[in-house]
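# Residue-level structural notes
For reference, the chains in residue letters:
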Amino acid sequence: MTPSFRALFVPFALVLGCFLIGIRPSLAQTGLTGYWDSRTPNAGGDGTFRDTYFEIQQSGETISGNLIRRPNGIPITGTFKGNVIHFVTVPPTPPAPPAGSTAPQRPPQRPITFDGTYQDGKLLLETQGRNGVVKSVAEKVTKEATMPPPPLPLPALKDLPDNGLARTPPMGWNSWNKFAGRVDDAAVRGMADAMVSSGMSKAGYVYINIDDTWELGRDAAGNITTNKKFPDMKALADYVHSKGLKIGLYSSPGPKTCAGYEGSFGHEVQDAKTFAAWGIDYLKYDLCSGLDIYKDDAPTLQAIYQKMGEALQETHRPIIYSLCEYGRATVWTGWGTKSGGNLWRTTGDISDRWESMDRIGFSQIKLAPYAKPGHWNDPDMLEIGNGGMTADEYRTHMSLWSLLAAPLIAGNDLRSMTDETKSILMNAEVIAIDQDPEYQPVTSVSSKDKIEVLMRPLHDGSVVVGLFNRTDAPADVQMPRSSLPATLAGKKTAVRDLWKHEAVTMDGDVLQANVPSHGVVLLKISAR
Ligand code: GLA
């Protein structure tokens, strides 16, 4: 090899060598730097994908940047060695809930670890999901592709008329708590069958609500389309109606739902018409990516929700309108009603754990005066029967939700309920509290050391008293009879235990019971 040939050949061979083993010199230094779209197939094999965007900065073997989230990204940190990438998110402490919100302080998210390789301009990534390893393929995109669309003009605020629905809190079933992304047509039909055969429909449960992940995209005319899991939504609605039940659906004012599926952004009127044409009777409208685009204040949220509320009313189909905005911007103080809402979420998402249900349920009492027929506070759906709580805890869940006049939307598999679950979800005496025809709010009689006494008057002059024990050991819980309304205090009363379904003798100056840990004794007091 001549010296001059060697001078040319050696660097060339080095570059070629690096290229062949997959590491171009520039790549080894900074080549991953840029914006990446990581596409993950959604659960349930419905043919849809979820996009997750990263901004990656590479410096030699060090990776930093962000998992792109609005308003703030989640920092990432990691390494890139050879063609092997490894990085992990570093979730910040969530901000305190907005002033006036009852939403509890959220715990920090868990860090997510990504491992993978760089091949042919793509990152092949793997991460540990709830149900096993999740694979995704990331490709470089422009910064613009990672940005939400600009906001659309919002309507001038007005007070929409009451649609006349939900005179008592809605009752039904929703797919999310049990199925999340794995709900499909067969499961919904099965749930409609079980709603009737189990006696749930006789007990008052009416709505079969399909939550997120039914969506595919839009056809050439902009109509929203269903994915493989729901081949014919109209036929499904017909089936649910044929059982004497009603059917609900889910969408978002943002371009993407919370699970990353197609939202109604810019198609509100068109989607409301589609839902009405399919025969939909209930819409849960979940803020989700709407928050990436619009301001998070009461007038803006009112306008966003009014837009769909008005579109639904213009279909002239009776459709219950369920606002899902996690208790932001004090929705209960007025704009929830004005925007046409029949119910509005007052909290973040419930989960099937005592801590979650207890934290959410007992934080809602002060909001009870804001509820009224047609317009209800929604502390999220029921977890009864999903297996994460004890029977005592589920009885507390049902009692509390009924005292709060919360929507009773079951979230379990109705096809396989134990007798205990049935006895809780179908306790007619407890449901009657929730569904009292003349709504009067629950009040806190006393609250000390995790012992709570709640009282709610009913239309027939009786009151229901809930003796709750949130502690980890059995406890005696009592309420002086002097705390009863004047119509009952000092009078002869009948006392009925609504979980034992029997009259109890409590003639002294106090109503009292020994209450199991995390349990409740629910008493109905009537004049004798
Ligand atoms: C949000 C809602 C949930 C559920 C999911 C679906 O988290 O609060 O109730 O609808 O979205 O993605």
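Residues numbered from 1 in each chain as written. Predicted model: local features only at pLDDT ≥ 70, side-chain atom pairs only at ≥ 80, totals over all residues. Heavy atoms only, no water.

Following Arg70, the chain continues into Pro71 via a peptide bond in cis, with omega recorded as 0 degrees. When you line up the elements, Pro71 lands in the loop between β3 (62-67) and β4 (74-81). One non-glycine residue, Ala166, lies in positive phi territory at about 55 degrees. For Ala405, which is not glycine, the phi torsion reads 55 degrees and is therefore positive. You can see Ala405 is positioned in the loop between α12 (391-403) and β18 (408-410). On the accessibility criterion, Ala405 (0% relative accessible area) is buried. (Helix = DSSP H or I, 4+ residues; strand = E, 2+ residues; numbered from the N terminus. Buried < 20%, exposed > 50% of the residue type's maximum accessible area, 1.4 Å probe, protein only.)

Right, let's talk about the nonpolar core for a bit. Ranked by internal contacts, the top residues of the largest apolar core, which has 102 residues, are Trp214 and Met398. The contact partners of Met398, leaving out residues within four places of it in the chain, are Tyr205, Leu382, Ile384, Leu408, Ile424, Leu425, Val430, Ile431 and Trp499. Counting residues in hydrophobic clusters, the runner-up holds 19 residues, among them Val463, Val465, Val495 and Ile525. (Core = buried A, V, L, I, M, F, W, Y, C linked by side-chain atoms within 4.5 Å. Contact = heavy atoms within 4.5 Å.)

This brings us to the pairing of strand β15 (residues 320-324). Across the 5 residues of β15, 5 count as buried, placing the element largely inside the fold. Residues of β15 alternate between two faces, with Ile320, Ser322 and Cys324 on one and Tyr321 and Leu323 on the opposite face, all of them buried. Pairing of strand β14 (residues 282-286) with β15, which is carried by 5 bridges, proceeds in the parallel orientation. Looking at the pairing, Lys284 lines up with Ser322 of β15. (Pairing = 2+ DSSP bridges.)

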